[in-house]
Amino acid sequence: MSAPRAPAARSAAAAAVCSLILVGAGAARADDNGIADKSARAIADASREAMSGVTSMRMVAKVTDKAGTTALDLRFDVEGNCVGAVTPPGGSGTADIIKRGDDVWMKLDDALLRAQIPGFAAEDAIALVNGRYLHGTTHSSLLRGFAELCDLDFFKKEFSSKPANEQLTKGARTTVDSRPAITVTSRHDDETGTYQVSTEDKPYLLRIQGTEAPDKQVEASFSAFDEPVPAEPPAPADSVDVSRLQ
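To keep things clear, this report deals only with the structure shown in the data block.

Rules and cut-offs
- Residues numbered from 1 in each chain as written.
- Predicted model: local features only at pLDDT ≥ 70, side-chain atom pairs only at ≥ 80, totals over all residues.
- Heavy atoms only, no water.
- Helix = DSSP H or I, 4+ residues; strand = E, 2+ residues; numbered from the N terminus.
- Buried < 20%, exposed > 50% of the residue type's maximum accessible area, 1.4 Å probe, protein only.
- Polar contact = N/O pair within 3.5 Å; in protein donor to acceptor, adjacent residues only side chain to side chain.
- Contact = heavy atoms within 4.5 Å.
- Arc of directions from axis to C-beta.
- Disulfide = S-S within 2.5 Å.
- Expected span 1.5 Å × (residues − 1).
- Pairing = 2+ DSSP bridges.
- Axes fitted to C-alpha atoms, helices over the stretch in contact; angles between N-to-C directions.

**A short note on the side chain of Ser56**
Next up, step 1: Structurally, the position occupied by Ser56 is in strand S1 (residues 56–65).
Next up, step 2: Looking at Ser56, the relative accessible area reads 2%, which means it is buried.
Next up, step 3: Within polar-contact distance, the side chain of Ser56 engages the backbone oxygen of Glu227 at 2.6 Å.
Next up, step 4: Among residues more than four places away in sequence, those in contact with Ser56 are Phe76, Asp77, Leu152, Ala224, Phe225, Asp226, Glu227 and Val229.

**Let's talk about helix H4 (residues 121–129)**
Next up, step 1: When we look at burial in H4, the residues that qualify are Ala121, Ala122, Ala125, Ile126, Leu128 and Val129. Within H4, the buried residues cover an arc of 165° as seen down the axis, which keeps them to one side.
Next up, step 2: Looking at the packing, one finds that the buried side of H4 touches helix H3 (110–116), strand S6 (133–137) and strand S12 (239–241).
Next up, step 3: Two residues or fewer after H4 comes Asn130, characterised by a positive phi angle close to 55°.

**What about the state of the cysteines?**
Next up, step 1: Within this structure, the stated rule accounts for 1 disulfide.
Next up, step 2: Through a disulfide, Cys82 is tied to Cys150; the S-S separation comes to 2.1 Å. Taking the torsion about the S-S bond as the criterion, the Cys82 to Cys150 disulfide, at about -55°, is left-handed. Of the two residues, Cys82 sits in strand S3 (residues 82–87) while Cys150 sits in the loop between helix H5 (144–148) and helix H6 (152–159), which places them 68 residues apart along the sequence. Both residues of the pair, Cys82 and Cys150, count as buried.

**Here's the deal with helix H2 (residues 40–52)**
Next up, step 1: Taking 1.5 Å of rise per residue, the 13 residues of H2 would be expected to cover 18 Å, and the 18 Å separating its terminal C-alpha atoms lies within 8% of that figure.
Next up, step 2: Ala40, Ile43, Ala44, Ala46, Ser47, Arg48, Ala50 and Met51 are the residues of H2 that are buried.

**Thoughts on the sheet that holds strand S8 (residues 179–188)**
Next up, step 1: Strand order in the open sheet formed by 12 strands is S7-S8-S9-S10-S11-S1-S2-S3-S4-S5-S6-S12, and the pairing between neighbours is mixed. Two strands lie at the open edges of the sheet, namely strand S7 (167–176) and S12, each paired on one side alone. Strand-to-strand twist in this sheet, taken as the mean axis angle between neighbours without regard to direction, amounts to 15°.
Next up, step 2: In the packing of H2 onto the sheet, contacts are made with S1, S7, S8, strand S9 (191–198), strand S10 (205–213) and strand S11 (216–223), and the angle to S7 comes to roughly 65°.

**Describing the pairing of S6**
Next up, step 1: Pairing between strand S5 (residues 103–108) and S6: 4 bridges, direction antiparallel. Bridge assignment links Trp105 to a residue of S6, and that residue is His135.
Next up, step 2: Relative to S12, S6 is paired through 3 bridges, and the arrangement is parallel. Note that in S12 the partner of His135 across the bridge is Asp241.

In structure tokens form, the structure reads like this:
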């Protein structure tokens, strides 16, 4: 029986979100952290610094390209804990993910198992899994790709990078999920983006919307900064070792 494949769009989705984050910034309220009074460049730099220092966060994102739309809803921290869901392109199902250090649990619904496993082997896999999580480690060839989505340190390294020839324009104040923010638009090579940066507390990046290429659009929001990640593993009876699918 062949194992289900990690979504091919995984790395593309992560790269697209990170690439747009590089140019970003935000939203504000002048009587709070004062970021709204700064220049577009100062806002972008402050947002990069704030995001590079987070110990945990939630990311809800959609990346649309020629393959379709990849949807991500993940909470992760610097300790390697992660919980959330990934929906690959094509609307063929959803994978729920729990990660604690090097251990990974992944639940593929029946639709996604059928999409990932060819022919009659899919029904065998569905019967074996029986609604449970697949359990393995980050060393598993099957689970490694999903686990990489949960790497907060990867995103933080991208946050600290600055693209050359970036053109930033400061925009209007706004709100993101009731949080006050300041808008910055960016242009860099073929990339354009609109960013909202918090004017409460630290100048965290709250939302991005942009185009990385003519056929790739990204939307992402960020929240739950520095909050505990509730990555509780399932009970042993609710998981099956991933090696049994291989």
